[in-house]
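# Summary of structural features
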Amino acid sequence: MMQQFGNYIAGEFRTSVDSNSNINPSDTSDIVGQYARATEQDVEDAIAAAAIAQDQWSQSTPQQRHDILDFVGNEILARKEELGRLLAREEGKTLPEGIGEAARAGQIFKFFAGEALRLTGDHLASVRPGVEVDVTREALGTVGIITPWNFPIAIPAWKIAPALCYGNTVVFKPADLVPGCAWAIAEILSRSGLPTGVFNLVMGRGSVVGEKIVTDRRIDGVTFTGSVATGSQIAAKCAARMAKFQMEMGGKNPLVVLDDADLDIAVDCAVNGAFFSTGQRCTASSRLIVTEGIHDRFVDAVIGKLQGLKVDDALAEGTHIGPVVDERQLTQDLDYINIAKAEGATLAFGGDRLERSKDGFYLQPALFTETENGMRINQEEVFGPVASVVKAKDYEQALYLANDTEFGLSSGICTTSLKYARHYKANAKAGMVMVNLPTAGVDYHVPFGGRKGSSFGSREQGRYAAEFFTTVKTAYTFG
Ligand code: NDP
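What counts as what
Sequence order as written defines residue numbering, which begins from 1 separately in each chain. Local features in this predicted model are restricted to residues of pLDDT 70 or higher, and side-chain atom pairs are both shown and tallied only at a pLDDT of 80 or more, whereas totals for entire chains, interfaces and linings draw on every residue. Neither water nor hydrogens contribute to the side-chain values; these are computed over all heavy atoms in the structure. How far each domain reaches was decided by an automatic or database domain assignment. We call two residues contacting when some pair of their heavy atoms lies within 4.5 Å. Take the accessible area each of two parts loses on contact, using a 1.4 Å probe, and add the two losses: that sum is the buried area. The salt bridge definition used is simple: a Lys or Arg side-chain nitrogen within 4 Å of an Asp or Glu carboxyl oxygen. In the analysis that follows, any N or O atom pair within 3.5 Å is treated as a polar contact, provided that within protein one partner can donate a hydrogen and the other can accept it, and provided that, for residues neighboring in sequence, both atoms belong to side chains. Secondary structure is summarised from DSSP: a helix means a run of H or I of at least four residues, a strand means a run of E of at least two, and numbering begins at the N terminus for each. Each residue is assigned to one of three groups, with Ala, Val, Leu, Ile, Met, Phe, Trp, Tyr, Cys and Pro labelled nonpolar, Asp, Glu, Lys and Arg labelled charged, and all others, Gly among them, labelled polar. DSSP-based pairing: two strands are paired if at least 2 bridges between them are found.

This brings us to the domain arrangement of the protein. Once the domains are mapped, the protein shows domain 1 (4-249 + 454-478) and domain 2 (254-435). Contact with domain 1, which involves 23 residues of that partner, is made by 28 residues of domain 2. Considering only the surface of domain 1 that becomes buried against domain 2, Ser 26, Trp 149 and Ser 454 emerge as the three largest contributors, covering 26% of it. Put simply, domain 1 and domain 2 have zero salt bridges between them. At the junction of domain 1 and domain 2, the tally comes to nine residue pairs in polar contact (both at pLDDT 80 or more). Counting residues per element, the ones that place at least two in the side of domain 1 that touches domain 2 are helix H3 (80-91) and helix H4 (95-118). Here the element with the most residues in the side of domain 1 that touches domain 2 is H3; it accounts for four residues. Taken together, the residues that form the side of domain 1 that touches domain 2 break down as eight nonpolar, seven polar and eight charged.

As structure tokens, this is what we get:
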């Protein structure tokens with residue numbers, strides 16, 4: 001029997017009657033570990049512990065919070081190779097991508113360690129004589145954190161670190177597919193000096209664990225990243241009981257390539273943005289909107305680059321693209337490839353399931369050309385290594401097409417024209433705009449989030465994270 005990694009509830013690791021085999025998508029015979037699936041009683045106990053710990057933790061000093069977050073950040077950074085390997089093994093990102101993500105998680109904890117010391121308020125004179133006004137931020141309370149599988153360590157970090165930084169207690173449910181990195185964070189937090197109950201990990205299914213977190217009245221706010229379908233259900237449930245919520249969801253991110261673009265930069269942006277991390281990024285450039293003058297050269301160069309990419313075991317030396325995360329996601333990717341063909345798109349490259357020496361979920365990156373923006377392949381999120389090219393007459397039409405989507409997370413342009421770059425930054429209807437950079441790949445100290453169907457609520461990351469994790473108090477004093 002394999003050892004079971006337990007949930008972390010009220011300061012103790014607790015195994016469960018139910019558990020989950022964490023399977024390596026590069027090699028399905030490799031079980032990363034056996035992870036507990038929380039029962040309803042476990043979630044009840046985790047919420048109770050977090051609610052009880054809340055008052056005391058919200059009174060902790062900035063120094064205490066700083067030291068704990070700094071400890072966690074330092075340890076993640078010191079162990080980034082090991083944690084990156086775990087990430088690559090359970091999720092399928094390549095090893096360098098996994099190490100990069102682990103390092104980012106460490107930096108996020110260290111950033112919020114600093115933020116704990118920097119929280120400010122306002123002191124104003126009142127409009128009434130002799131009265132003073134103080135505007136301060138206090139912890140939101142007990143927060144539920146629900147995360148997706150595609151960034152198993154960075155997304156938990158960018159929710160847990162600010163939650164603790166601003167004095168909240170936490171009940172954290174990671175995606176059922178990737179409990180390994182979540183458990184590793186919990187294990188580090190368990191040694192960080194946090195008082196009992198402040199942080200709780202409940203692994204397991206969304207329908208059991210997630211549902212209980214979202215509907216329990218002791219949870220003052222829910223921060224969620226995942227699909228639009230799940231996000232809208234959670235938002236409705238939170239709204240029904242007036243709990244605060246923050247939703248980061250899908251994308252259908254455009255990368256516009258203009259005739260005047262530097263071709264090498266444009267091709268790098270497209271290939272990196274669309275296909276790296278197996279295209280499993282909410283910020284992936286899934287729509288490549290290319291003006292007529294550069295279209296054919298761009299398509300040829302992208303195909304040339306794709307031909308040179310190695311799709312293989314995430315941990316193998318030289319792999320550029322790891323496997324798809326699981327069979328279900330691979331089926332979804334293949335279904336969309338068939339849908340695009342049926343819609344009349346031309347499959348210019350790839351799109352086949354690949355056999356490798358180990359049994360895994362390998363997919364050759366797929367590039368479609370001759371597509372129309374209204375096609376399903378250009379309107380619905382695939383969440384795999386699949387991108388399509390849409391031809392545009394000129395900049396104006398390219399901008400129109402880029403914005404013609406229900407999503408609005410990240411939007412990119414490749415151009416050497418200052419005029420178009422400026423205009424695009426001002427007119428792209430997205431939360432993040434990239435000029436001569438891939439649509440995916442962001443800094444950890446500035447806000448992250450989108451518009452329209454991509455996001456709801458205040459921004460995550462950087463100092464903007466305080467908007468969600470705190471509540472504002474206005475105090476009047478006379479005398
Ligand atoms: P899902 O929406 O399926 O799941 C996200 C999380 O919600 C998981 O932990 C899941 O649990 C949980 N969940 C599922 N059902 C419920 C429920 N009824 N109540 C509460 N929680 C529930 O997304 P995926 O994990 O499949 O992630 C892929 C999606 O995430 C893509 O659409 C992608 O675009 C989006 N995403 C968005 C990002 C952004 O910041 N905009 C970043 C990363 C991903 P379980 O694992 O058990 O299903």
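In space, the three strands of this open sheet follow the order S1-S5-S4, with mixed pairing throughout. The sheet is open, and its two borders are formed by strand S1 (4-5) and strand S4 (18-23), each paired with just one other strand. Here S4 runs beside strand S5 (residues 31-37); their pairing, made up of six bridges, is antiparallel. Across the sheet, the residue bridging to Ile 23 is Ile 31, located in S5.

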